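Residue-level structure breakdown
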Amino acid sequence: MRRLALIVGISQYQKETGLSPLKAPVKDANALSRLLKRHSGFHVIALPRAVEIVDGEKYYPVAEHGTLTADELKKAIGAAFSADKNSAAADVLFYFSGHGVQQRGISTHRSFLACSDDKFALDLSDLAKTIQKSAVKNAVVILDCCHVAEVSDFFSGLHNKSRCLIAASTPQTEALALPECSLLTEIVLRGLDPQRATGRVDTADLVKFINQYPQKPPQFLPPSGVSFDFIELTAADAPPPAEQKPKYDGDPYIGLKAFEEGNAAIFFGREQEIQKRLESLAQRRFVALLGASGSGKSSLVKAGVLPKLRGGHVLGATWQFIAMTPGKNPLQNLRDALVRALPKQQIGAIATAADLAKELPSGTSTLLFIDQFEELFTECKKENEQERAAFLRCILGICQPPVLPFPESVKPFAESVKPFAEPVKPFPELVEGNGLTGSEPEKPHASTSSAGGFFGLRVMITLRADFLAQCSEYPALAQALAGHTLLTAPDAAGLRAAITQPLALVGMTMAEALATQLVMESQAEKGSLPLLQYALEQLWKAAQRRARA
């Protein structure tokens, strides 16, 4: 069961907010973080984060002079209270220490958590909505700030979650403070100490302790709700995580290297995208994977699509693979790719779709994978325009035959992906202009009309989306690319799977705080997938060095 604690302590505020700096939040947040790390199963994320190195190890306490923007706080809360059932933690504790601000209206008052750059950073009603929509089962919220909204209204919508809210003030009052810390956090720290009573503290124990505390206690929300479970917070004897047996004997991360077919076992987080491309291959002869640089297009095909094809996940057929990049001389590179893939055949010159079709083996489906298709424009220069045009005629012409009906042996899969009832229409005639000349399209190899197990050639390309303008100059290519969607970066659930599941295969786990931090930072940085793999590889190597020491 995954448990996450998001601990926020904001002491510094920009002058424009009109808010004064505070001393207590950093000390309070770090004290709570230390207690939870020592006596709970929560993985702790402390913000704004500082980096300290103690005995060669990195630690991430709350930064004494750090700032936290409204956008950073909202992203952190969104990641902690994830709406994805696959990625959401079971228990989440959210602690906030800093300025609380009230905005008075004619008939209503709204309460906000302030950030370093925004006095009205987070409306507490929006926080409640985020928690309600999340897949988190148990939520504990501790607000050590002034002017907190009425707690009965704050969690009124959380009817299907176990919850506990502890607040330091009412909307009309300010939080009480001690010389070096806030009163609320002082009481909470004492209440969470598992040694003070039975060695184990849950939400009911903490609320009872606050009620009986001799000084005036803060406002709190008694635990209540449908299917309520008291939420364990700390324990003196928390059991260690269960031992996992390795399921993979290689390195779980590949660093800056591209994923290849041999890395399929550790390729996670793109399952839906892989399935979309498999379904496209079952329905079309030409499939384009478009996306920004660094979005993982090549890896998706090599480590995701190709292994599935080998397993008979499309058409139930035996597949032959031909992989290439266009380079400076795309037709020559196509022939070289055929020679590598079909070493027993005598491959002749490739200049037309007919030349390519006659070289394809019968009795099997063939996938021509053209990676980095943009090389047609970056490597194949203007002086090679005729070869570029011939290459396009070749690969688009070979895609013209209609997809044949599925044989009886693969009808169940065919029905599951709902192939087109009508045959796939051929591309329009290759029109004059840009080197694509000729009054009639080239006729493909006649063997594709046989009713046996041969389904002909599929072409799959990866293309940087910023080269669509160049592609549009070739009408037949533009027609082939129509309707293809962009590959976007993985969502939070996909990133978490890519981070944690390869490690699970080798019998290890990652601290929840670190995994969440990596997810957040990857989402904040465009094209970060290669850097994420590099960071994971370095973390893995560091862990291996410590294990050998």
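What you see is a predicted model; the values in this text were computed from it and never measured.

**Side note on the layout of surface pockets**
Considering only enclosed or pocket space, the second largest pocket measures out at about 590 Å³ in volume. Lining the second largest pocket are 32 residues, with G294, G296, S299, L529 and P530 positioned closest to its centre. Those elements giving two or more residues to the lining of the second largest pocket turn out to be α8 (297-310), β17 (457-464), α16 (492-505) and α18 (529-548). Across the lining of the second largest pocket, the residue classes tally to 13 nonpolar, twelve polar and seven charged.

**Quick notes on α16**
Its 14 residues give α16 an end-to-end C-alpha distance of 20 Å, which sits within 8% of 20 Å, the value for a rise of 1.5 Å per residue. Taken as a whole, α16 carries its principal kink of about 30° at A498; the proline P502 stands between one and four residues after it. Those residues of α16 lying buried are A493, G494, L495, R496, A497, A498, I499, P502, L503 and L505. On its buried face, α16 is in contact with α17 (512-524) and α18. Regarding α16, its N-cap is D491, as a side-chain oxygen of that residue lies 3.3 Å from the backbone nitrogen of A493 further along. Positive backbone phi, at 80°, marks G507, one or two positions downstream of α16.

**Examining the packing of aromatic side chains**
All told, the structure shown has four aromatic pairs when counted by the stated rule. The interplanar angle of 45° and the centroid separation of 6.3 Å between the aromatic rings of F377 and Y474 together place this pair among those described as tilted. Linking F377 in helix α11 (residues 375-378) with Y474 in the loop between α14 (468-471) and α15 (475-481), this pair joins segments that are 97 residues apart in sequence. What makes F377 buried here is its relative accessible area of 15%.

**Notes on the pairing of strand β5 (residues 91-97)**
The element β5 is extensively covered by neighbouring structure, given that seven of its seven residues are classed as buried. Burial along β5 is two-sided: the residues D91, L93, Y95 and S97 and V92, F94 and F96 are all buried. In terms of strand pairing, strand β1 (residues 3-9) meets β5 through seven bridges, oriented parallel. For V8, the partnering residue across the bridge sits in β5 and is F96. Pairing of β5 with strand β9 (residues 138-144), which is carried by seven bridges, proceeds in the parallel orientation. Directly across from V92, in β9, lies its bridge partner A139.

What counts as what
- Residues numbered from 1 in each chain as written.
- Predicted model: local features only at pLDDT ≥ 70, side-chain atom pairs only at ≥ 80, totals over all residues.
- Heavy atoms only, no water.
- 1 Å grid on protein atoms, 1.4 Å probe; cavity = no way out; pocket = protein on both sides within 12 Å on 5 of 7 lines; lining within 4 Å.
- Points joined across faces, edges and corners; volume = space filled by probe spheres on them.
- Helix = DSSP H or I, 4+ residues; strand = E, 2+ residues; numbered from the N terminus.
- Nonpolar A, V, L, I, M, F, W, Y, C, P; charged D, E, K, R; others polar.
- Expected span 1.5 Å × (residues − 1).
- Bend = angle between axes of the 7 residues up to and from the residue.
- Buried < 20%, exposed > 50% of the residue type's maximum accessible area, 1.4 Å probe, protein only.
- Contact = heavy atoms within 4.5 Å.
- Polar contact = N/O pair within 3.5 Å; in protein donor to acceptor, adjacent residues only side chain to side chain.
- Phe/Tyr/Trp six-rings, centres within 6.5 Å; stacked < 30°, edge-to-face > 60°.
- Pairing = 2+ DSSP bridges.

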